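Structural overview
Here are the chains, one letter per residue:
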Number of protein chains: 2
Amino acid sequence: MIVTVTLNAALDTTYTVDELVPHYSHRVRQVHHRAGGKGVNVARVLAELGHPTVVTGLAGGPTGAAIRGGLGSRLVDAFVEVPGDSRRTVTVVSAAVGDATVFNEPGPAVPAEAWALFMERFAVLARDASVVVLSGSLPPGVPDDAYAELVRSAAQHGASTIVDAQGEPLRLALTARPDVVKPNATELRGTACTDDPLTGVHRLRQAGARTVVASLGDKGLLAVTDGLAMRAVPPERIAGNPTGAGDACVAALAVGLAEGVPWPELLREAVALSAAAVLHPLAGGFDAAARTRFRPVVRVEPLGPVCDGAPA
Amino acid sequence: MIVTVTLNAALDTTYTVDELVPHYSHRVRQVHHRAGGKGVNVARVLAELGHPTVVTGLAGGPTGAAIRGGLGSRLVDAFVEVPGDSRRTVTVVSAAVGDATVFNEPGPAVPAEAWALFMERFAVLARDASVVVLSGSLPPGVPDDAYAELVRSAAQHGASTIVDAQGEPLRLALTARPDVVKPNATELRGTACTDDPLTGVHRLRQAGARTVVASLGDKGLLAVTDGLAMRAVPPERIAGNPTGAGDACVAALAVGLAEGVPWPELLREAVALSAAAVLHPLAGGFDAAARTRFRPVVRVEPLGPVCDGAPA
């Protein structure tokens, strides 16, 4: 099975207003709630792809209950309860413009005991997991080396790891040698301190990641793994909702790792699935017909052998 | 006792962000929740003034529970449960500018049975009430003549009524002959179809209100009651948070009606309390020292006798 971890689960609320005008009062025309957090969105894609997925992480209070109640029947809820109330994100969509303005709450402070309990439960799940996905921000109170600790625990129990994070939690996770890290362009620039993606990817490998898959928007994926660099490029520029594209990419990576798919084929699927996710209005979903259509036309180009001195 | 009615109770949430920029993602620095809705704010002021107050209205779901849990020990909670989840309002405050952008959810749809149950419970409360305050918007499902019906029910049970509403619910309430209506300038213009406040106030009396007290911001109050027109003007232009000024005014009117205070004295207190509320950061509070300071310097001017043909 695949396990996705969402330490800062969220109830994603969308407000539709006529037009967002700062400093004014707005009548909200429509309110829509959805269980969210990157790990939950990855799990939705995995369920859609027919992969049994366990979702865990930290959730609490009435908002936590709403998140867990909204997971649907296909995801196994293994969230660990925390004392505070889980966070919301509020996305304000202007009906006139179709554009989105987002407000992300920080999340409840997690006491040390709740974090210790989560680590225990995680170890139990990791024993049966082929792949563990660690996605998104950390709530206050969870230590910055949380993903590093979870990568080590997963490795001890024989599970592969994918880390989709940024900042200090990503930097520390690298030291624990995760199987895959998937930064986007901004995260790569911020962590590797360079504007050149290929240099950045090499630096993240040198810092400890076995494979780095950077998602560069409509430029596709740039991947470097043991001795091999590749680029996978979508067939066209896709217009739509880019919110869930990264989560769809991570889902494809998780399936590929779980099934031992060779990298070129795996990247082809990851690009096709990401592009199909852009065509879907909600994060965690994808346009199945578009995925099938895109797959054969994704260009996968080897960038030649790599001697970057990364730890083997 | 005084009863305040909040049919569309809200959990007022405030997000502090660095600066609100449309179409961008914002990290919310602080999240603050408070039980709200105009009737709840009026009741807070009444409690602060030492008046036993019962709050009723419609609330439901986890958000309703949070609203009721946040009423504090001084208010008597007589809310009626509805099946849906109560609404939130989200106010985004830019720390840089100190300005507020507000999003008001519409509220849960109220089924006919819940409305009928509320009407029954209201009649029981009205029997022991001296004054009933009907404030704010109606949730979906509650009929537009809700305030008209409640005014009639209150009158049958011997309670005086104050209506602070707008649009069709206010227009219909007038036909039930409420004791006082308190429109602000915008509501007066919208309901009386005139830009002249004095003409507007007369029209609302002709439509059925016994007394009309229009709150005109820093121009103070304009009141017309049986045979008497008055203006009450604050001593100075008060800078601050105007959100709760109207609710403080309504609280003063409720106390005045309950205690049979003569109108000139009552209006003096209403202006002083409203101005003191502007100096308080939260709706439902007021600056007690400022209230005492303002009271003797409010100017109350008679506008002469009135023969407007209003029903006696």
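Residues numbered from 1 in each chain as written. Chains lettered and ligands numbered in written order. Predicted model: local features only at pLDDT ≥ 70, side-chain atom pairs only at ≥ 80, totals over all residues. Heavy atoms only, no water.

**Notes on the overall build of chain A**
Secondary structure summary: chain A contains ten helices and 16 strands in total. Its C-alpha atoms give chain A a radius of gyration of 19 Å, near enough to 20 Å, the size a compact globule of 312 residues would have. With respect to the three principal axes, the spread of C-alpha positions in chain A is 60 × 45 × 35 Å. When the 312 residues of chain A are sorted by exposure, 54% land in the buried category. For chain A, long-range pairs separated by at least 24 residues make up 64% of all intrachain contacts whose partners lie at least 6 apart in sequence. Counting every atom, chain A has about 12500 Å² of accessible surface; 52% of that belongs to carbon and sulfur. Here chain A contributes 27 positive and 31 negative side-chain charges, whose respective centroids are spaced 3 Å apart. (Helix = DSSP H or I, 4+ residues; strand = E, 2+ residues; numbered from the N terminus. Rg over C-alpha atoms; globule rule 2.2 N^0.38 Å. Buried < 20%, exposed > 50% of the residue type's maximum accessible area, 1.4 Å probe, protein only. Contact = heavy atoms within 4.5 Å. Areas by Shrake-Rupley, 256 points an atom, 1.4 Å probe, with all protein chains shown as cover. Lys, Arg positive; Asp, Glu negative; His and termini not counted. Charge placed at Lys NZ, Arg CZ, Asp CG, Glu CD.)

**Focus: the sheet that holds strand β4 (residues 30-36) of chain A**
One open sheet accounts for five strands, arranged β4(A)-β2(A)-β8(A)-β9(A)-β3(B); its pairing is mixed. Lying at the two open borders of the sheet, with one neighbouring strand each, are β4 of chain A together with β3 (25-27) of chain B. Direction aside, the axes of adjacent strands within the sheet are offset by 20° on average. Bridging between strand β2 (residues 10-17) of chain A and β4(A) involves seven bridges; their strand directions are antiparallel. Bridge pairing in β4(A) links Thr13(A) to His33(A). Along the sheet face, helix α2 (residues 61-69) of chain A touches β2, β4 and β8 (87-94) of chain A and points at about 85° away from the line of β2(A). (Pairing = 2+ DSSP bridges. Axes fitted to C-alpha atoms, helices over the stretch in contact; angles between N-to-C directions.)

**Here's the deal with the pairing of strand β11 (residues 160-164) of chain B**
Residue and element names in this part refer to chain B. Of all the five residues making up β11, four are buried; the element is thus mostly covered by neighbouring parts of the structure. Examined bridge by bridge, strand β10 (residues 131-135) and β11 share five bridges and lie parallel to one another. Residue pairing for β11: valine 131 is matched across the bridge by serine 160. Relative to strand β12 (residues 180-181), β11 is paired through two bridges, and the arrangement is parallel. When the sheet's bridge partners are listed, valine 163 is paired in β12 with valine 181.

**Things to note about the sheet that holds strand β2 (residues 10-17) of chain B**
Backbone-to-backbone hydrogen bonds pair the strands of a sheet. The strands run either parallel or antiparallel. Overall, mixed pairing links the five strands, which are arranged β3(A)-β9(B)-β8(B)-β2(B)-β4(B) in an open sheet. Two strands bound the open sheet, and with one partner strand each, they are β3 (25-27) of chain A together with β4 (30-36) of chain B. On average, each strand axis in the sheet is tilted by 20° relative to the strand beside it, whichever way the strands run. Where β2(B) and strand β8 (residues 87-94) of chain B come together, eight bridges link them in parallel fashion. Within β8(B), the residue paired with Leu11(B) across the bridge is Arg88(B). The strands touched by helix α2 (residues 61-69) of chain B are β2, β4 and β8 of chain B; relative to β2(B), the strand with the most contacts, the crossing angle is about 85°.

**Looking at the relation of the copies chain B and chain A**
Once turned by 180° and shifted 0.0 Å along the axis, chain B lies on chain A with an RMSD of 0.1 Å. The operation mapping one copy onto its partner corresponds to a two-fold rotation axis. When C-alpha distances to the rotation axis are compared across chain B, the minimum falls at Pro62(B), with a value of 3.1 Å. A shared binding surface is used by both copies, with 100% of the interface residues of chain B retained as interface residues in chain A. (Least-squares fit on C-alpha atoms with pLDDT ≥ 70 in both.)

**Some thoughts on helix α5 (residues 167-174) of chain B**
Residue and element names in this part refer to chain B. For α5, the complete set of buried residues consists of Pro169, Leu170, Ala173 and Leu174. Seen along its axis, α5 keeps its buried residues to an arc of 140°; they face one direction. In this structure, the buried residues of α5 make contact with α4 (146-156), β11, β12, α6 (185-192) and α7 (197-206). (Arc of directions from axis to C-beta.)

**Focus: empty space enclosed by the protein**
Per the stated rule, a full pass over the model turns up two cavities of 30 Å³ or more. By volume, the largest cavity is sized at about 40 Å³. Estimated volume of the second largest cavity: approximately 30 Å³. Here the residues of the lining of the second largest cavity are counted per class, giving six nonpolar, three polar and no charged. (1 Å grid on protein atoms, 1.4 Å probe; cavity = no way out; pocket = protein on both sides within 12 Å on 5 of 7 lines; lining within 4 Å. Points joined across faces, edges and corners; volume = space filled by probe spheres on them. Nonpolar A, V, L, I, M, F, W, Y, C, P; charged D, E, K, R; others polar.)

**Focus: the environment of His23(B)**
As for its placement among the helices and strands, His23(B) is situated in the loop between β2 and β3. Classification of His23(B) by relative accessible area gives partly exposed; the value is 40%. The residues contacting His23(B), other than those within four sequence positions of it, are Asp99(A), Ala100(A) and Thr101(A).

**Quick notes on the packing of aromatic side chains**
Counted under the stated rule, the structure contains six aromatic pairs over all chains. Centre to centre, the rings of Tyr15(A) and Phe103(B) are 6.4 Å apart; their planes meet at 45°, and the pair counts as tilted. Of this pair, Tyr15(A) sits in strand β2 while Phe103(B) sits in strand β9 (residues 100-104), each in a different chain. For Tyr15(A), a relative accessible area of 1% translates into the label buried. One aromatic cluster is present, formed by Trp115(A), Phe118(A) and Phe122(A) through successive ring pairs. Here the guanidinium or amino end of Arg293(A) rests over the ring plane of Phe294(A), the centre of that ring lying 5.3 Å away. (Phe/Tyr/Trp six-rings, centres within 6.5 Å; stacked < 30°, edge-to-face > 60°. Lys NZ or Arg CZ within 6 Å of the ring centre and 35° of its normal.)

**Observations regarding the pattern of salt bridges**
Tallying each qualifying case throughout the model produces 28 salt bridges over all chains. With its nearest N and O atoms 3.5 Å apart, the salt bridge here joins Asp195(A) to Arg189(A). For Glu168(B), the salt bridge is made with Arg171(B), and the minimal N-O distance between the two is 2.7 Å. One end of the pair is Glu168(B) and the other is Arg171(B), both in helix α5 and three residues apart, which spans about a single turn. (Salt bridge = Lys/Arg side-chain N within 4 Å of Asp/Glu carboxyl O.)

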